[in-house]
Amino acid sequence: MRLKRFVANRTLFNATVEKNRRIVVEAGRGGSRLLATGLAMIIGGSISPSLLAAPQAPQQAVEQSVEASGQMQHEVGLPTALAALVEEAEKNDPTILAAERAARAARFVAPQVSTLPDPQFTLQQLSVGSPRPFAGYTNSDFSYIGLGASQQLPYPGKLKLRGEVADRDADAARVHVDVVLQDEIEMLKTTYFRLAYLQQTLGTIQRNATLLQQVEQQAEAHYSAGMGNQQDVLKAQLERTKILREISMHHQLVGEAQAELKRILRRPQDSPDIIAEPVAATFLRYTASELLDKVREQNPNIHENAAMVERNQTAVELAQKEFRPDFGVSYMYENTDRKFPDYYELSFSVNFPRRKPRQAALAQAQVNVERAQADLDTQLQTALAEVQKQYVTVKTSEEQLLIYRDGLIPQAEATIQAALASYQSNREDFETLFSSFMDVLSLNLEYQQTILDHETALAHIERLTGVTLP
């Protein structure tokens, strides 16, 4: 009798435990469905309020949402190579086009300033005895009709130097086009690499979300079996919610990158989004000394500053020439009545420049030469230091990439698999399993960030040295 009562109580207890386990599992699955639905909709670019408000959504609806999200991702388009975008930017970038037009306009200044001043033509009529026109023309040898011309003649060499100064300005404007071009191409490349980074890290986050789902399922199973606690399940669900937030942030950053790329390419902002190709690290083959030599030879900012030094040196020569006088010559033919002889007048004039303003102009031109030389030296030293820093960044990131790829990431993935197996057999606690998962997630994201830093540094080196790295 006692044995029967014990068996009955045991059966009732087991039934109660099984009922509670099903309730907990269904609740956990409902939360998992909610998170999976939210993850799918954020990846697709939108969140449905009705789905967030319905934790008991059927599994079929969730699968349809995930499938629709996959179709939206597939319909975005094919990846575009960076080289094609660079070529498009060189043709369409409005900033580059504006600099090119400014350089083209600067070429027309030299013909204007190196040409003689406009000649002047004069018509005169002198009346005698009355203010009426032609009064006294037939009865006075002082009344006449005169035709004349005059021309200002700058001191020899002034016009030539003015033209040379304008030519040096045009040279600086032409080199400035290269500065703007390289700036915009660097911006294009760094934005493209950032877009590729966001695309690749999104895939990493999605893969880790799948792994986290396994961790959450194991935590639910342990809790259902009475070997874990509810805190473990909630912690796993909280981390999945954080992943939803990260994906949402990715969409914002991707949108900002798309807007910048379309500006550079002069595409409509509502045009289809650009898809970047996967970026892999390109190891640098140049030595630091070779890159520093390239800076001296090919950096466009240094070329622009050197052109300004030449321009200001020519301006000093012109300022010295301005101490010389200018000349003027004029000729006048005066016609009287036929019974009186005609008059012929030739004039020659000289202006004597005041020394005080010319001395101030010469001093200003000399100071401008010193300033331009200081700017050139500053630009050179800054570029050399920046190349050296970027070179160190590239080489350090190359070492780190090898450590991540061949060491840290494989070790972390092996650790999470071992921890997951141990947790399933109740030989490891949840904190150890969760820590292993976080290591995998953070190391993969750090690896992608290191690739981004490496390629961004290479783009900056290309901008500073004027070379195209493979």
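These numbers come from a predicted model, not from an experiment. All residue numbers refer to positions counted from 1 along the written sequence of the respective chain. Selection of residues for local features in this predicted model requires a pLDDT of at least 70, selection of side-chain atom pairs for listing and counting requires 80 or more, and totals for whole chains, interfaces and linings are taken over all residues. Only hydrogens and water are removed before side-chain values are computed, so all heavy atoms of the structure are retained for them.

A. Here's a closer look at the pairing of strand β2 (residues 144-153). Any two strands between which DSSP finds at least two bridges are classified as paired. To qualify as a helix, a DSSP run of H or I must reach at least 4 residues; to qualify as a strand, a run of E must reach at least 2; elements of each kind are numbered from the N terminus. As paired elements, strand β1 (residues 120-126) and β2 share seven bridges and run antiparallel to each other. The residue bridging Q120 from the neighbouring strand is S150, located in β2. Strand direction decides the pairing type here: β2 and strand β3 (residues 326-335), joined by nine bridges, are antiparallel. In the strand pairing of β3, L153 is matched with F327.

B. Structural context of the environment of T190. If you trace the backbone, T190 turns up in helix α7 (residues 158-224). Throughout, exposure labels follow a simple rule: accessible area from a 1.4 Å probe, protein chains only, divided by the maximum for the residue type, with under 20% read as buried, over 50% as exposed, and the rest as partly exposed. On the basis of relative accessible area, T190 is assigned to the buried category, the value being 14%. Sequence separation between T190 and E455 is 265 residues, and the spatial gap between their C-alpha atoms is 7.8 Å. By definition in these notes, contact holds between two residues if any of their heavy atoms fall within 4.5 Å. Every residue in contact with T190, bar those within four places of it in the chain, is listed here: T456 and A459.

C. Just empty space enclosed by the protein, in detail. The way it works is a 1 Å grid over only the protein atoms, where trapped points that fit a 1.4 Å probe form a cavity and open points with protein on both sides within 12 Å along at least five of seven lines form a pocket, and then any residue with an atom within 4 Å of a point lines it. Grid points are joined across faces, edges and corners, and a volume is the space filled by probe spheres set on the points. What the rule picks out here adds up to two cavities of 30 Å³ or more. In this model, the second largest cavity occupies a volume close to 40 Å³. Considering the residues around the second largest cavity, the lining is formed by F193, A196, Y197, Q200, V279, Q448, I451, L452 and E455. Put simply, Ala, Val, Leu, Ile, Met, Phe, Trp, Tyr, Cys and Pro go in the nonpolar bin, Asp, Glu, Lys and Arg in the charged bin, and everything else, Gly too, in the polar bin. Taken together, the residues that form the lining of the second largest cavity break down as six nonpolar, two polar and one charged.

D. Summary view of the layout of surface pockets. A volume near 510 Å³ is recorded for the second largest pocket. Around the second largest pocket, the lining is made up of 26 residues, and of these L82, K189, F193, E462 and L469 lie nearest the centre. Elements that contribute at least two residues to the lining of the second largest pocket include exactly α4 (82-92), α7 and α12 (430-465). In terms of residue count, the dominant contributor to the lining of the second largest pocket is α7 (seven residues).

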